[in-house]
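Coordinates in review
For reference, the chains in residue letters:
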Amino acid sequence: MATIVAPHDFSAVEDAESLNKACKGWGTNEKGIISILGHRTAAQRQQIRLAYHELYQEDLVKRLESELSGDFEKAVYRWILDPADRDAVLANVAIRKLVNPDYHVVLEIACIRSPEELLAVRRAYQARYKHSLEEDVAAHTTGDIRKLLVALVTAFRYNGYEINARLAKSEAGILHDAIKDKSFNHEEVIRIVSTRSKAQVMATFNCYRDDQGTSITKKLLGEGGDHGTEFTKALRTAIRCLNDSKKYFEKVLRNAIKRVGTDEDALTRVIVTRAEKDLKDIKEYYYKRNSVPLEEAVAKDTSGDYKDFLLTLLGKED
């Protein structure tokens, strides 16, 4: 369930005028910006952007970029974009990192978004960057990582809930044999993970756990350890995203907050991308795992307008 609190009735024109006023004069009214944008859905934010452009012949995104700074600016920028366009930006930034490309960001998008959402991201990516997502993924990766990521970002999985139990048992056996032989990069492993519906692949992972007495992710970790290859780490991330995305996001948040120096990029990414989806469920996972409310952890590790904005998206009342 979503965490943002948005009104059913609102005026895009009034919001656009208020945002323009917040960006005028001596100093920006950050609280005014948060009070509006932090309480609007993606569809409402899109209407505000259109109204702003009609009123002032200016792109609201560019105006806010020029008025805000730091982690707060980055969070507002990510939030105000259309979700598919936002994912296109996140993917582009991740794969173009010269040192340690963020494969997990691409894996999140490829494995957690619905087939239609992923297709929308690929369209948005082409419109924004004038080449395809898979083209850039392939250009910035090599070997087995390239095979896995390209297969995942180009997938259009069946989105239904039907499963084939015999197929799940058979493919759990294929995965077991591949892991036993340390053939993690076997083409059959990539085929199963990248083409089967989420319901089917989850049934396969459940069969694997029932047959082997341990989860496939734990088995991969045991075989490769924390010092496993980049490919085994990427494969584990893909499986975790497909199998239980809320549990996966809880761990991303936990790691972002507990590390020395908060990982603001990861913290912002999860809150901004899940606030209209399932952030309420992720918050519950976080509390069960850490015995601390996520809002409290975020408030402790962030400050200023950035903190206020994230807390607003987490559902904190003004």
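Here we summarise the structure given alongside this text. (Residues numbered from 1 in each chain as written. Predicted model: local features only at pLDDT ≥ 70, side-chain atom pairs only at ≥ 80, totals over all residues. Heavy atoms only, no water.)

Let's talk about the environment of Leu294
Checked against the element boundaries, Leu294 lands in helix α19 (residues 294-301). Judged by relative accessible area, Leu294 falls into the buried class, the value being 1%. Excluding residues within four positions of it along the chain, Leu294 makes contact with Leu253, Ile257, Lys283, Tyr286 and Leu314. (Helix = DSSP H or I, 4+ residues; strand = E, 2+ residues; numbered from the N terminus. Buried < 20%, exposed > 50% of the residue type's maximum accessible area, 1.4 Å probe, protein only. Contact = heavy atoms within 4.5 Å.)

Quick look at the packing of helix α10 (residues 143-153) against helix α15 (residues 230-243)
At a minimum axis distance of 9 Å, the contact between α10 and α15 shows a crossing angle of 20°. Judged by the angle between their axes, α10 and α15 are roughly parallel. In this structure, α10 crosses over α15, and the sense of that crossing is left-handed. Each of Asp144, Ile145, Leu148 and Leu152 in α10 lies in contact with α15, whose residues at this interface are Glu230, Phe231, Ala234, Leu235 and Ala238. Tallied by class, residues from the contact of α10 with α15 come to 7 nonpolar, no polar and 2 charged. (Axes fitted to C-alpha atoms, helices over the stretch in contact; angles between N-to-C directions. Parallel < 35°, antiparallel > 145°, perpendicular 65-115°, else oblique. Left-handed = near helix turned anticlockwise from the far one by under 90°. Nonpolar A, V, L, I, M, F, W, Y, C, P; charged D, E, K, R; others polar.)

Considerations on the side chain of Arg63
Among the structural elements, Arg63 can be located in helix α4 (residues 60-67). In this structure Arg63 touches Asn20, Cys23, Lys24, Tyr52 and Glu58, once residues within four positions along its chain are discounted.

So, the pattern of salt bridges
If you walk through the whole model with that rule in mind, you get 25 salt bridges. With a closest N to O distance of 2.8 Å, Asp102 and Lys97 form a salt bridge. Note that Lys246 and Asp281 form a salt bridge whose closest N and O atoms lie 3.4 Å from each other. One end of the pair, Lys246, is in helix α16 (residues 245-258); the other, Asp281, is in helix α18 (residues 279-290), with 35 residues separating them in the sequence. Each of Glu171, Glu188, Arg191 and Arg196 takes part in a single network of salt bridges with overlapping partners. (Salt bridge = Lys/Arg side-chain N within 4 Å of Asp/Glu carboxyl O.)

As far as function goes, none of this settles anything; it's purely spatial.
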